[in-house]
Amino acid sequence: MTFLSEPNAIGSDLPRRDGAAKVLGTATFAAEAPYENPAYAHPVQATIARGRVTEVDTTAAEALDGVLAVLTPAGAERLASVEDRELAALQNDEVAFRGQVVAAVVAETSEVARHAAGLVRVTYAAAAHDAELRADRDDLYAPEQVNPSFATDTAEGDVEAALATADVTVEQTYTTATNHNNPMEPHATTALWDPADGGSLTLWDSTQGVHPTRSVLASLFGLDEERVRVVCPYVGGGFGSKGEPHVNVVLATLAARAVPGRPVRLALTRRQMFTLVGYRTPTIQRCRLGADRSGTLTALSVEVVEQTSRIKEFAEQTGVPARMMYAAPNRRTTHRLAALDVPVPSWMRAPGECPGMFGPEVAMDELAELLGMDPVELRIRNEPAVDPDTGKPFSSRNLVGCLREGAERFGWSRRDPRPGTRREGDWLVGTGVAASTYPVNRMPKSTATIRRERDRYVAEIGAADLGTGTWTTLAQIAADALGVPVSGVEVRIGDTDYPTASVAGGSSGMTTWGSAVVEAARALRDAYGTEPPDGAQASGSVGQADDRFAMHAFGAQFAEARVHADTGEVRVSRLLGVFAAGRIINPRTARSQFIGGMTMGLSMALHESSVLDPRTGHVVNHDFAGYHIAANADVHEIEAYWLPEHDPHVNAMGSKGIGEIGIVGTAAAVSNAVRHACGVRVRDLPITLDKVIGGLEDRPATGR
């Protein structure tokens, strides 16, 4: 059959191929793996923040009808590797943080497993713990690098001298709260250990990367990777928390090994997810800016303090975006960590850029106010000609275009720059702006195979779809690369039986997997021409990135905030984002990603805060009753637009990642809008009414 080329499958507004399956409930998630007669596992968690387990009494649990096994540190299988202490489940009696897994029950039903877990009695020898993050601690240290491999500190010029001679300076401290990823699908695994022929392991796991998960599990259990299969066709959200295996995956595997031949399901509860699967570390950011009277930056300094776990270091790259965002001859960034008796932090949507753009973008607003300058124009005035950090030219940089387009669409020119001057009834109304950026990331390893099967082409790669549209967008990329209609392409993903794919993280998915698909299509055409026979196939792998350029996506976020004049309640009536993110593969899925990121940024701005009690070492609001997230009522209107951008250097498709840039800058824009609305500057997220109302009480009385 000869396919007639359909013009530009890339760029077509196509519905998601997985949409019907999800709406109808036929999409199979990890806790629904198609196995008969599964058993269920449930963890037992430590009730102290530091110490050791001295005794585990399993008598009552084992006596319960339906209990198959109780795993304890004394009897659990020994892992082949315990270097990663977060994953060393039940390998010793140490308790490193409150909520750590100290035992587990395997039972016939989830209800019995949970009940039996509550009957396990654990005795501890408690030790003094430390779970309080402060910038004045005397034990802060500099990590060797920050995630994933950036320099811990950078310096250029003389920041102190430049600040001392600057016409205008800003020196403030900004904080971001602990945030938990909280995908709607909990972290879940169904594990099956088949002892035949030396043993093999199959995992249905909710993961952002089936091949990375296989690699970790094979190492932990001393297995050849060929004996481990990981399956994940659908993911109900992850936001980074499913980017690498956590202890729940290890625990499910241990449980399956304890009942060989029987599939075991383990789905964490919402409360357990506040302890066991990572979170965004809280940050303390001391930001200093110096500028001349024209608004040109002469100095920029960002000093970051954040926490990590005592058992495993994770250093959020919070100061990194400030290194490349604006031109300044004198620049410095630093990172310092406090190692605490807390769970291990990890990736959360746009790590580094998301918290790291809050402090500097609010500081830029403060500088604009001191200068009496429009904050949009201040950012444009400090646009760099090349990447300030590396000195490389940008492959494309359309931040100015985003700012100008956003200002036009938002009606920015009608803004009275004076804070607190616009009032509608009981509500003070203001607007704010912030810039956003995210790097173009390309992972070094991914391979795709394309095969002719009768009247269609099949593209196979072990990629993941977190709800981002991968099932659809990879088909669009393959169709254009092959020169066929997108209806003639089938995509198969989410299984280690398919060729190796990198993790879905760092907004790198389409850049990496799409590049591999294009290479496979080219190889197929080179080998067989436009009419390959049935069964013909070819493979292709992602190539090296063009390191001559600095590659980033950019955006501008605009917010309208309303502050109740009497109560300090904050509402955001409008959010608007304009982005420059290369060629858009699918406008429908892209708009969803941009709006989703902006909504998450709004949630970070107004609500999200995991409150850790340093006396007990645990998050006290560890469910959706206490951990608030944005709802429809929190924003009246939300808009996402993008600029047409041609960038031939980023990859064969000309695309940039869009999964994370939407969240970057949103919280700063909201904070700046609140300041403009009521005159109160909130530098500590989230922006709750108690942080606003004190400043409102100092305002002079006005008529209504």
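Reading guide: rules and limits
Residues numbered from 1 in each chain as written. Predicted model: local features only at pLDDT ≥ 70, side-chain atom pairs only at ≥ 80, totals over all residues. Heavy atoms only, no water. Pairing = 2+ DSSP bridges. Helix = DSSP H or I, 4+ residues; strand = E, 2+ residues; numbered from the N terminus. Contact = heavy atoms within 4.5 Å. Axes fitted to C-alpha atoms, helices over the stretch in contact; angles between N-to-C directions. Buried < 20%, exposed > 50% of the residue type's maximum accessible area, 1.4 Å probe, protein only. Left-handed = near helix turned anticlockwise from the far one by under 90°. Nonpolar A, V, L, I, M, F, W, Y, C, P; charged D, E, K, R; others polar. Right-handed = clockwise from strand over helix to strand, strands pointing away. Lys, Arg positive; Asp, Glu negative; His and termini not counted. Salt bridge = Lys/Arg side-chain N within 4 Å of Asp/Glu carboxyl O. Phe/Tyr/Trp six-rings, centres within 6.5 Å; stacked < 30°, edge-to-face > 60°. Lys NZ or Arg CZ within 6 Å of the ring centre and 35° of its normal. Parallel < 35°, antiparallel > 145°, perpendicular 65-115°, else oblique.

**Quick look at the sheet that holds strand β28 (residues 635-642)**
Here is step 1: Ordered by their spatial adjacency, five strands build an open sheet running β18-β19-β24-β25-β28, and the pairing between neighbours is mixed. Here the strands that pair on one side only, and so sit at the sheet edges, are β18 (423-424) and β28.
Here is step 2: Where strand β25 (residues 570-580) lies against β28, seven bridges are found, and the strand directions are parallel. Bridging from a neighbouring strand, G577 pairs with A640 of β28.
Here is step 3: Helix-sheet contacts for helix α11 (residues 399-410) involve β19 (427-439), β24 (552-564), β25 and β28, and the interaxial angle to β24 is about 30 degrees.
Here is step 4: The strands touched by helix α15 (residues 666-678) are β19, β24 and β25; relative to β19, the strand with the most contacts, the crossing angle is about 155 degrees.

**Topic: unusual backbone geometry**
Here is step 1: With an omega of -10 degrees, the peptide bond running from N147 to P148 counts as cis.
Here is step 2: With respect to the secondary-structure elements, P148 resides in the loop between β7 (145-146) and β8 (150-151).
Here is step 3: With phi around 60 degrees, L90 is a residue other than glycine that occupies positive phi space.
Here is step 4: For A350, which is not glycine, the phi torsion reads 60 degrees and is therefore positive.
Here is step 5: The residue A350 is located in the loop between β17 (330-340) and α8 (353-356) in this model.
Here is step 6: Its relative accessible area of 0% is what places A350 among the buried residues.

**So, the packing of helix α12 (residues 470-482) against helix α13 (residues 509-528)**
Here is step 1: The N-to-C vectors of α12 and α13 enclose an angle of 35 degrees; their axes lie 9 Å apart at closest approach. For α12 against α13, the interelement crossing comes out right-handed. Contact residues: α12 offers T470, T473, L474, I477, A478, A481 and L482, while α13 offers M510, W513, G514, V517, V518, A521, L524 and R525.
Here is step 2: When the residues that make up the contact of α12 with α13 are grouped by side-chain class, the tally is 11 nonpolar, three polar and one charged.

**Overview of the pairing of strand β21 (residues 456-460)**
Here is step 1: A large share of β21 lies buried, amounting to four of its five residues.
Here is step 2: With five bridges joining them, strand β20 (residues 447-453) and β21 adopt antiparallel strand pairing. Across the sheet, the residue bridging to E453 is R456, located in β21.
Here is step 3: Counting the residues in the hairpin turn of β20 and β21 gives two residues, including R454, whose phi is positive at 55 degrees.
Here is step 4: Viewed along the sheet, the connection from β21 through α12 into strand β22 (residues 489-492) turns out right-handed.

**Quick notes on the side chain of E660**
Here is step 1: Along the chain, E660 falls in the loop between β28 and α15.
Here is step 2: Notably, E660 is buried but unbridged: the nearest opposite-charge side chain belongs to R349, and the N-O separation is 6.3 Å.
Here is step 3: Discounting residues that sit within four places of it in the chain, E660 has contacts with R349, A350, P351, Y438, G506 and S507.

**Looking at the packing of aromatic side chains**
Here is step 1: Taken as a whole and assessed by the stated rule, the structure comprises 10 aromatic pairs.
Here is step 2: An angle of 40 degrees between the planes, with centres 6.5 Å apart, marks the rings of F410 and W412 as tilted.
Here is step 3: Taken together, F29, Y234 and W471 form an aromatic cluster joined through their ring pairs.
Here is step 4: It is R397 that lies over the ring of F394; its NZ or CZ is 4.9 Å from the centre.
Here is step 5: Here the basic side chain of R409 rests over the ring of Y641, its NZ or CZ set 3.8 Å away from the ring centre.

**Topic: the pattern of salt bridges**
Here is step 1: Scanning all chains against the criterion turns up 56 salt bridges.
Here is step 2: In this structure, D84 and K312 form a salt bridge, with 2.9 Å as the shortest nitrogen-oxygen distance. Taken together, the positions of D84 in the loop between β3 (67-71) and β4 (94-95) and K312 in the loop between β16 (297-309) and β17 put the pair 228 residues apart, joining distant regions of the chain.
Here is step 3: Among the residues examined, D84 registers a relative accessible area of 24% and is labelled partly exposed.
Here is step 4: Residue R286 pairs with E171 through a salt bridge whose shortest N-O separation is 2.7 Å. Residue R286 is found in strand β15 (residues 283-291), and its partner E171 is found in strand β10 (residues 168-176); the two are separated by 115 residues along the sequence.
Here is step 5: Several salt bridges converge on common partners, so that one network encompasses E160, E171, R286, R288, E303 and R332.

**Observations regarding the sheet that holds β22**
Here is step 1: Spatially, four strands are ordered β22-β21-β20-β23 in an open sheet, and the strand pairing comes out mixed. Strands at the two margins of the open sheet, each flanked by one partner only, are β22 and β23 (537-541). For this sheet the average axis-to-axis angle between neighbouring strands, irrespective of direction, equals 20 degrees.
Here is step 2: The strands touched by α12 are β20, β21 and β22; relative to β22, the strand with the most contacts, the crossing angle is about 135 degrees.
Here is step 3: Packing against the sheet, α13 makes contact with β20, β21 and β23, and its axis sits at approximately 140 degrees to β23.

**Here we look at the environment of A218**
Here is step 1: Position of A218 among the secondary structure elements: in helix α5 (residues 210-221).
Here is step 2: Residue classification places A218 among the buried positions, given a relative accessible area of 3%.
Here is step 3: For the pair A218 and N672, spaced 454 residues apart in sequence, the C-alpha separation works out to 48 Å.
Here is step 4: If we skip the residues at most four places from it in the chain, A218 touches L223, D224, E225 and V228.

**Points about the side chain of H676**
Here is step 1: Mapped onto the elements, H676 comes out in helix α15.
Here is step 2: Look at H676 and you get buried, because its relative accessible area is 8%.
Here is step 3: Here H676 is in contact with R415, D416, P417, R418, P419, G420, V429, G430 and T431, once residues within four sequence places are set aside.

**Things to note about the packing of α5 against helix α6 (residues 247-258)**
Here is step 1: The geometry of α5 relative to α6 is characterised by a closest axis approach of 11 Å and an angle of 55 degrees between their N-to-C directions. Compared by their axis directions, α5 and α6 come out oblique. Classified by chirality, the crossing of α6 by α5 is right-handed. Counting all contacts with α5, which are made through L217, L220 and F221, the residues of α6 involved are V249, V250, T253, L254 and R257.
Here is step 2: Class assignment for the residues of the contact of α5 with α6 results in six nonpolar, one polar and one charged.

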